[in-house]
Amino acid sequence: DVLSRHMLGAVENIDGNYQLAVQHCMISTKMGYELSLNAIKEMFKGSLATKAQYTEALLGYRDAVEETKSPQREEAKRLGV
């Protein structure tokens, strides 16, 4: 699941396996997990991820968030449900 992927990325990052960390975080980012997007951003800022990887993460996250939008969800959010 999304949290498991994020945690695998965190462990790989701690272990110094940065490309594996990016790959795991990329998967969970593309599932709409914002913490993974932030992790990739931090890796990019630390030169551990490329600009292309960060761009891919941003676009993947955006697409995942867009896919979860629907008129029914927007109405429920408006009503506080």
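Above: the structure in question.
The rules behind the values
Just so you know, the residues in each chain are numbered from 1, in the order the chain's sequence is written. Residues qualify for local features only when their pLDDT is at least 70, as the model is predicted, and side-chain atom pairs are given and counted only at 80 or more; totals for whole chains, interfaces and linings, by contrast, use all residues. The side-chain values count all of the structure's non-hydrogen atoms but skip hydrogen atoms and water molecules. Working convention: axes come from line fits to C-alpha atoms, limited for helices to the stretch in contact. Angles between N-to-C directions cover 0 to 180 degrees. Labels follow the DSSP assignment, with helices taken as runs of H or I lasting at least four residues and strands as runs of E lasting at least two, numbered in each case from the N terminus. Two helices cross in a left-handed way if the nearer one is turned anticlockwise from the farther one by less than a right angle. They cross in a right-handed way if the turn is clockwise. By definition, residues are in contact when any of their heavy atoms lie within 4.5 Å. The classification used treats Ala, Val, Leu, Ile, Met, Phe, Trp, Tyr, Cys and Pro as nonpolar, Asp, Glu, Lys and Arg as charged, and all other residues, Gly among them, as polar. We call a set of buried Ala, Val, Leu, Ile, Met, Phe, Trp, Tyr and Cys residues a nonpolar core when their side-chain atoms join them within 4.5 Å. Accessible area is worked out with a 1.4 Å probe on protein chains only. A residue is then buried under 20% of its type maximum, exposed over 50%, and partly exposed in between.

**Student:** Hey, could you run me through the packing of helix H2 (residues 18–29) against helix H3 (residues 34–45) in this one?
**Tutor:** Put simply, H2 and H3 touch, their axes get as near as 8 Å, and they point 145° apart. In this structure, H2 crosses over H3, and the sense of that crossing is left-handed. The residues of H3 that touch H2, namely those facing Tyr 18, Ala 21, Val 22, Cys 25, Met 26, Ser 28 and Thr 29, are Ser 36, Leu 37, Ala 39, Ile 40 and Met 43. A class-by-class count of the residues in the contact of H2 with H3 yields 9 nonpolar, 3 polar and no charged.

**Student:** How should I be thinking about the nonpolar core in this particular structure?
**Tutor:** Burial of nonpolar side chains together is a common tendency in soluble globular proteins. With 11 residues, the main nonpolar core is built from Ala 21, Val 22, Cys 25, Met 26, Leu 37, Ile 40, Met 43, Ala 49, Tyr 54, Ala 57 and Tyr 61. Among the elements of the structure, H2, H3 and helix H4 (51–67) are those that each provide at least two residues to this core. Ranked by residues supplied to this core, first place goes to H2 with 4 residues. Those residues in contact with Met 43, other than ones at most four positions away along the chain, are Asn 13, Tyr 18, Ala 21, Val 22, Cys 25, Leu 48 and Ala 49.

**Student:** How should the side chain of His 6 be read in this particular structure?
**Tutor:** Position of His 6 relative to the elements: it lies in helix H1 (residues 2–14). Looking at His 6, the relative accessible area reads 12%, which means it is buried. Excluding residues within four positions of it along the chain, His 6 makes contact with Cys 25, Ser 28, Tyr 33, Leu 35, Ser 36 and Ala 39.

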